[in-house]
Amino acid sequence: MRRSPRPRKRSEYKRRRSRSQSHDRDRHKIKKRSPSASSSQQTETELFSFVNYKRELNKIILYSCESNVVANNLDDFWVFLKKYETMLQKSGKPILDYQYQTQSDSEGENKFSKYDCINFTTSIKFVDVVVDDKRRRKLDKMMFQVFLNIISIYIDFKNKEKFEKLKKLRLAQKDLPVAKYRSEIVSAVQNERVVVVAGDTGCGKSTQVPQYLHDAGFQNIACTQPRRIACISLSKRVAYEMLTQFDTKVGYQIRFEKSRTADTKICFITEGLLLRQMSSENLPNYDVIILDEIHERHLMGDFLLGVLKCLIHSRDDIKLVLMSATINIKLFEDYFSAESAAVIQVPGRLYPIELNYKPIFIEEKPTRDDRLDPQPYVQIMQLIDNKYPSDERGDLLIFMSGVQEITAICDAAQQYAEKSKSWIVLPLHSGLSLLEQDKVFDYPPEGVRKCIVSTNIAETSVTIDGIRFVVDSGKVKEMSYDSTTKMQRLKEFWISQASADQRKGRAGRTGPGVCYRIYSEQQYSEMDPFSTPEVSRVPLASLLLLMSSLGVSDVRRFPFLDAPPEDSVENALLELKQHGALTSNEKLTSLGRALANLPVEVSLAKALVVGSATLPPHKRDSALALTAALGIRSIYTTRAHRDFECENARKPEESDHGDPITLLSLYCAWLTVKAEERGGKAWCKRRGIEEQRLYELTKLAAQLRSLLQDNNLMETMEPETMSSAERALRHGQMKHLKDMRRQYKQKASEDLKRKKRLKMDSWEIVDSNKDDEDNALDIRDIEFRMTNDAKRIQSLISGASASSGRDLIMLKVVLCRALYPQVAVADEFNHFKSISEQLYHTWSKPFVFLHPTSYFGKSPRVLQLTEADIQTEVPVGYKSKLPLSAKHQILCYLSLLETTKPYIVNSMRMPAAQTLMLLAHTIDTNMGFTRIVCDSWLLLEFPYPETGLNLLFKAAKLRQRWEALINRRLEDANPTKSVESELKKSKHMSYDELQYELSCDISAYMNSEVYYTLKRLLLGDLKVMYVGNEEPHCAIDPNPFEEGFECHPHEKKGGIYITDNIVFNCVVDTEWSYNSYEETYSVPWTCSSCEISLCLSPIERLQHKYFTCSSKVEKKEEAPKEARQNRPNAKEFKCEICNETLYMTPVEILKHKKGCKNTNS
Amino acid sequence: MEESKIKEELGDVKKTEDEPIQISYNFRCALCNVNEKVHYKGTTPPFSRNIVLKYPSYIMKDPFSPPGKGEILVLGADCSVCDRPVCVSKHCSLFFVKTFCLDCAKTSIHTFPIEIKNKVVQLREK
Ligand SMILES: [Zn+2]
Ligand SMILES: [Zn+2]
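Presented here is an overview of the structure given in this document. Since we're looking at a predicted model, the values are computed, not measured.

1. What about the packing of helix α22 (residues 602-614) of chain A against helix α23 (residues 620-631) of chain A?
Residues and elements named next belong to chain A.
Alright, step 1. The N-to-C vectors of α22 and α23 enclose an angle of 175°; their axes lie 9 Å apart at closest approach. By the angle between their axes, α22 is roughly antiparallel relative to α23. Contacts between α22 and α23 involve Leu604, Ala607, Leu608, Gly611 and Ser612 from the former and Arg620, Ala623, Leu624, Thr627, Leu630 and Gly631 from the latter.
Alright, step 2. Here the residues of the contact of α22 with α23 sort into six nonpolar, four polar and one charged.

2. Quick notes on the nonpolar core
The tendency in soluble globular proteins is for nonpolar side chains to be buried side by side.
All names here are of chain A.
Alright, step 1. Membership of the largest hydrophobic core comes to 166 residues, with the highest contact counts inside it found for Ile289, Leu940, Trp962 and Phe1041.
Alright, step 2. Per-element accounting of this core gives the leading share, twelve residues, to helix α35 (residues 947-973).
Alright, step 3. For isoleucine 289, the contacting residues outside a window of four places in its chain are Ala222, Leu274, Met278, Leu308, Ile318, Lys319, Leu320 and Val321.

3. Here we look at the coordination of the zinc ion (ligand 1)
As a benchmark, a tetrahedral metal site with four donors has ideal angles of 109.5 degrees, while an octahedral site with six donors has ideal angles of 90 or 180 degrees.
Residue and element names in this part refer to chain B.
Alright, step 1. Note on the zinc ion (ligand 1): its protein donors are Cys29 (SG), Cys32 (SG), Cys87 (SG) and Cys92 (SG). The metal-donor distances range over 2.2 to 2.3 Å.
Alright, step 2. Its four donor atoms give the zinc ion (ligand 1) angles of 106 to 115° at the centre, a pattern that matches the tetrahedral case.
Alright, step 3. Between the donor residues of the zinc ion (ligand 1), the gaps in sequence give the motif C-x2-C-x54-C-x4-C. One end of the pair, cysteine 29, is in the loop between β1 (25-28) and β2 (35-38); the other, cysteine 87, is in strand β7 (residues 85-87), with 58 residues separating them in the sequence. You'll find cysteine 29 and cysteine 87 in the same group, each marked buried.

4. Remarks on the interface of chain B and chain A
Alright, step 1. Counting from both sides, the interface comprises 39 residues of chain B and, opposite them, 34 residues of chain A.
Alright, step 2. Interface area, chain B with chain A, both sides summed: about 3400 Å², of which 56% is carbon and sulfur.
Alright, step 3. It is Asn50, Lys54 and Phe64 of chain B in chain B that bury the most area against chain A; as a group they hold 24% of the surface buried on that side.
Alright, step 4. Arginine 170 of chain A serves as the salt-bridge partner of glutamate 36 of chain B, at 2.4 Å between the closest nitrogen and oxygen.
Alright, step 5. Our enumeration of links across chain B and chain A arrives at 15 residue pairs in polar contact (both at pLDDT 80 or more).
Alright, step 6. Counting only elements with at least two residues in the side of chain B that touches chain A, the list comes to β4 (51-53), β5 (57-61), β6 (72-78), β8 (93-96) and α3 (114-125) of chain B.
Alright, step 7. Each residue belonging to the side of chain B that touches chain A can be placed in one class, and the counts come to 24 nonpolar, eight polar and seven charged.

5. Looking at the sheet that holds strand β16 (residues 513-517) of chain A
All names here are of chain A.
Alright, step 1. Pairing is parallel across the open sheet formed by six strands, whose spatial order is β9-β16-β13-β10-β12-β11. For this open sheet the edge positions go to β9 (353-357) and β11 (423-428), each flanked by a neighbour on one side alone. The average angle at which neighbouring strand axes cross in this sheet is 15°, direction not considered.
Alright, step 2. Here strand β13 (residues 467-472) runs beside β16; their pairing, made up of four bridges, is parallel. Opposite valine 471, over in β16, you have tyrosine 516 as the bridge partner.

6. Comments concerning the pattern of salt bridges
Residue and element names in this part refer to chain A.
Alright, step 1. One pass over the full model with this rule turns up 52 salt bridges over all chains.
Alright, step 2. A salt bridge links glutamate 946 to arginine 1101, with the shortest nitrogen-to-oxygen separation between them at 3.1 Å. In this pair, glutamate 946 is assigned in the loop between β24 (938-941) and α35 and arginine 1101 in helix α40 (residues 1098-1108), connecting sequence segments 155 residues apart.
Alright, step 3. The structure contains a network of salt bridges with shared partners spanning Lys674, Glu677, Glu691, Asp781 and Arg785.

7. A few points about the coordination of the zinc ion (ligand 2)
Alright, step 1. Taken together, the protein donors to the zinc ion (ligand 2) comprise Cys79 of chain B (SG), Cys82 of chain B (SG), Cys101 of chain B (SG) and Cys104 of chain B (SG), at separations of 2.1 to 2.4 Å.
Alright, step 2. Considering all four donor atoms around the zinc ion (ligand 2), the spread of angles at the metal, 100 to 113°, places the coordination shape in the tetrahedral class.

8. What about helix α3 (residues 54-63) of chain A?
Alright, step 1. Listed as buried for α3 of chain A are Glu56, Leu57, Asn58, Ile60 and Ile61 of chain A.
Alright, step 2. Looking at the packing, one finds that the buried side of α3 of chain A touches α4 (69-72), α5 (74-90) and α7 (141-175) of chain A.

9. Some details on the environment of phenylalanine 27 of chain B
All names here are of chain B.
Alright, step 1. Within the element layout of this structure, phenylalanine 27 appears in strand β1.
Alright, step 2. Given a relative accessible area of 0%, phenylalanine 27 falls into the buried group.
Alright, step 3. The spatial distance from the C-alpha of phenylalanine 27 to the C-alpha of alanine 77 is 9.0 Å, given a sequence separation of 50 residues.

10. Describing the side chain of glutamine 211 of chain A
Residue and element names in this part refer to chain A.
Alright, step 1. Relative to the assigned elements, glutamine 211 resides in helix α9 (residues 205-215).
Alright, step 2. Its relative accessible area of 6% is what places glutamine 211 among the buried residues.
Alright, step 3. Polar side-chain contacts of glutamine 211 include one of 3.1 Å to the backbone oxygen of threonine 207.
Alright, step 4. Leaving out residues up to four positions away in the same chain, glutamine 211 has contacts with Gln173, Val238, Glu241, Met242 and Ile266.

11. Observations concerning the state of the cysteines
Alright, step 1. Taken as a whole and assessed by the stated rule, the structure comprises zero disulfides over all chains.
Alright, step 2. For cysteine 267 of chain A, which is in no disulfide, the shortest distance to another cysteine sulfur is to cysteine 231 of chain A and amounts to 7.8 Å.

12. Re a positive patch on the surface
Alright, step 1. Taken together, the side chains of Lys93 and Lys114 of chain A together with Lys90 and Lys119 of chain B define a basic patch exposed on the protein surface.
Alright, step 2. Positionally, lysine 119 of chain B belongs in helix α3.

13. Some words on the pairing of strand β9 (residues 98-101) of chain B
Residue and element names in this part refer to chain B.
Alright, step 1. Where β8 meets β9, four bridges bridge the pair, whose relative direction is antiparallel. Within β9, the residue paired with leucine 94 across the bridge is phenylalanine 100.
Alright, step 2. Linking two consecutive strands that pair antiparallel, namely β8 and β9, is a turn of one residue; a positive phi of about 65° is found at valine 97 within it.

Reading guide: rules and limits
Residues numbered from 1 in each chain as written. Chains lettered and ligands numbered in written order. Predicted model: local features only at pLDDT ≥ 70, side-chain atom pairs only at ≥ 80, totals over all residues. Heavy atoms only, no water. Axes fitted to C-alpha atoms, helices over the stretch in contact; angles between N-to-C directions. Helix = DSSP H or I, 4+ residues; strand = E, 2+ residues; numbered from the N terminus. Parallel < 35°, antiparallel > 145°, perpendicular 65-115°, else oblique. Contact = heavy atoms within 4.5 Å. Nonpolar A, V, L, I, M, F, W, Y, C, P; charged D, E, K, R; others polar. Core = buried A, V, L, I, M, F, W, Y, C linked by side-chain atoms within 4.5 Å. Buried < 20%, exposed > 50% of the residue type's maximum accessible area, 1.4 Å probe, protein only. Donors = N, O, S within 2.8 Å, 3.2 Å for Na, K, Ca; no water. Tetrahedral: all angles 85-135°; square planar, octahedral: opposite > 155°, others 65-115°. Buried area = accessible area lost by both parts, 1.4 Å probe. Salt bridge = Lys/Arg side-chain N within 4 Å of Asp/Glu carboxyl O. Polar contact = N/O pair within 3.5 Å; in protein donor to acceptor, adjacent residues only side chain to side chain. Pairing = 2+ DSSP bridges. Disulfide = S-S within 2.5 Å. Patch = residues over 30% accessible without salt bridge, like charges linked within 9 Å, V, L, I, M, F, W, Y side chains within 5 Å. Areas by Shrake-Rupley, 256 points an atom, 1.4 Å probe, with all protein chains shown as cover. Lys, Arg positive; Asp, Glu negative; His and termini not counted. Charge placed at Lys NZ, Arg CZ, Asp CG, Glu CD.

Written out as structure tokens, the structure reads:
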């Protein structure tokens, strides 16, 4: 401070001087004014400005009882006022024009005053405000009157502005191609059942048709959209056009949110949601259902078409409007020919487009690794630069097949752009964040063109204005599905002609355009006319389940627009049966009904239902979080697996149990960050995680929870009561959060007003945005904290975490049960192979790889046996090349995906024998339970006598108890309200107790140590694996595996079923297993309970233990009481020996008879 | 004229109530066909008490700003000469103490002060 006294002095001086100047002026003004107002006028107008009274005037305006245009736009008003004063000064007119006040009363017909041309008057009461600055003239009523006149001029000006806005809007609407067809469309809908409106993007059908119908008197219009985003943006647009943007006349309804209220007349809704509305009894009372974008041929859209085709036959009060692009109209017309659909074609507003095939010579040399050559694309950019002057506007849109291709083109184009300085290169695909996607809508600087490199997302879903040039690679990457192996394939295909035309059309939306097709005209003519509908290339299980729950009795005969492939339907039905969603004769089970209600794929839905039945109440959040994590798109960014830093940062949360558990622990770690209010954005960024996905996960989990609660499959937890201090704290927090949200919204709307201009160096944009993002208010974080208070987050964390012990085992078993039979075994030669060559085999698809980004893809050794795991001292006589161990593991996986190779995606390790015995659909065994085949695929050999039997027996019992628990849960969810069932319920052992015991027993079982070998059976092995049905088999009676189960022979393998899943005595013995059986039989066995010593086969030993052992019989007297409630086939029985009347099942009766004989004899 | 008086009175009735009854009028400009539903016709719109109009007009709550802010949008008025409804666009009407449709403005041009005459002439030239 001391070192620089001079500058300070100087500034002080300056300030003083300026003050004295204004002082002089004020004094002068006052002096001049007082003697005669008219003589001073000239001087005064030069000096007077209302701006000097801004503070006082603002006070008056804001204190006025009601808000008004000026109060709402105060800053804008003062800008206007300044401009207005300047204008008056320039034209030499006084600001304080009292003339008007005095003369308007005394009728001056021909005297002109500007205020006579203004219809508005403003009635704000004048308030005498104390003026602090005494040197200045006080604001008086006369002056205020003049001020009010200026306000009136301002209001008039604003009114004209708004009126013009309205007029422009109406003009734009009238100008849309669809507007000419308004009356035709309305009368068609009024007179016909089904109307098809075909028009290309930009013809205005999506925004206008709902309005036309509303204006024509329809009261409840549903308009479906395939995409959620479109629902929101269309409802906003239509509300704006109907001048109802501030009420709910126009609303939307999507999976997680709705703005629909009782007042809503037009509702934009996703296809899936409308379908679910149809399944519930309370379908809103729609009078028109509009299906938009039906040409896209999504699964849901196609199905919805079929459902509505049926619906309009039973509901003649509903009109159906189908809207599509002008693609394959004939298909829809024919489909609704029985309903005699009216077709109205609206020609699009398309300018002429110059079409060029193969504009650049491309050498047809097959490159070594099929790498894409970006040069032709860059050359087209050059060609455009040379041919079209840079002052002629128009951007370039390049269609590529996938993200990799886009990156390759962007890199090359960016290099060219840096040299030529005439391009800004922008990628566009769904993997980008919304912020990044939005960049394609920003404006380039003068003389610079945008080059947007996009997937087919820009073909129909995203519309960018100002495109003049289109380059079409002719390729698309599409998912296809092999229903036999349940593997999805991401493959590159040639697009269809329809698609090529759609791409071309993008060049002619705002003016004449140019389209370059990289391929030849010959190639175009060889393309399919239309793209393959989704129904032919995606898994159908979810759809078929939904259909079944909607009451479609025979899904095979459903009137699809295009019938799905037969084997795809059959395999999906098989899958549903395996999951227990359908019975063997394809009726919906109660499990199936529960699954159909959950908007995730069938196996994940099953994980939820099984989880809610099996997991303890305080751990059910783990099943919810896990399911949601697997149900959303990958949480990882593209950087996540490339950047070493990211991988390292995620290390602490990685679980060696596999990807699903890793996901869960990452989520819990994020929640912890949230609980500590440490933001989360930076945390996610460091780990290569898209935070947006974690919010989605939280939302989905909450949604699933409420669905489960609605379906009585999960208890509604009473919210813990807060103490008054906590409540006060939360209240303050909410207030703060609401403030922040308001700030954010204000800023966002300001940003929206400013037109965004792209900077030349696109990398710079990225950087500046990064700073922006970090500093700006994080609206998602704010909203997250508004819906989840600290307690809620804490309970989420404790509920979702399952890092060890029984919780983890149970969660894994639950997920595995839901995903079964999606398991894989290691190839026997994996020991000798590198990490990337680790091979796995699934039941349906041998030779698949571990995905390189998955946990086991990076550390496959976790799955392999170590030296110490292998038992070297084998029982005498047992010979095998395979390792004998208790540590064999299998992988349970979410899906198979083929990109460059077939990969296992999202896998989790499980103990092999325990998992297979508990979950396999069919288990075949030899006489001695030493050789056990699971699902005719995996052979397990148990060389130690009785170990195989014990494990299988435990598994069978657990399976029954588990099944019963799940069934009880489902029954409790949909109680048949009879006195009998109520009585039954009260006598039951408490549900939580059963659940607790079962989870203890299952986790003990999963940890049991049993030595065995594991072998994958090939077709040749299977041929000699079974004894065949020639030998007759005696029934096992009584059956210790399942009392009362009627044993019946297996017609092909031989042997007999002893439970629904286990076929006994059908697997052939080898030398060692035969010897082992003989040995077991010949050595006397001593019962540990009754100490009797007999020569018994393994199964006879079980029979003794469970039925004839004397220790068992003594206990019998009390036993039936407990057992009888569970048995549906129980009946009254009067024992002739003991003369007691009992309530028992046939088996129990048999046992009782035996017992009675025993005790009596 | 009778009718509009009644409507005006209705408007006053609305003003006194907290929740005004939604009565809407159809407004269609006789010259340019702008066609909108308005909430009020008169000089004192009940939803914006600071603003008073000199001449009874067709008024809607401003559709572009949030409700309850007292902002209005005046669409037009009945011509003071021929009684046809006309919008506020300068191509359809002229305001000088009262609203004149442009047709009537031309025929009664002699009654206006010179500034307005010039304006009408200018518009006519277009
Ligand atoms: Zn007009
Ligand atoms: Zn007139």
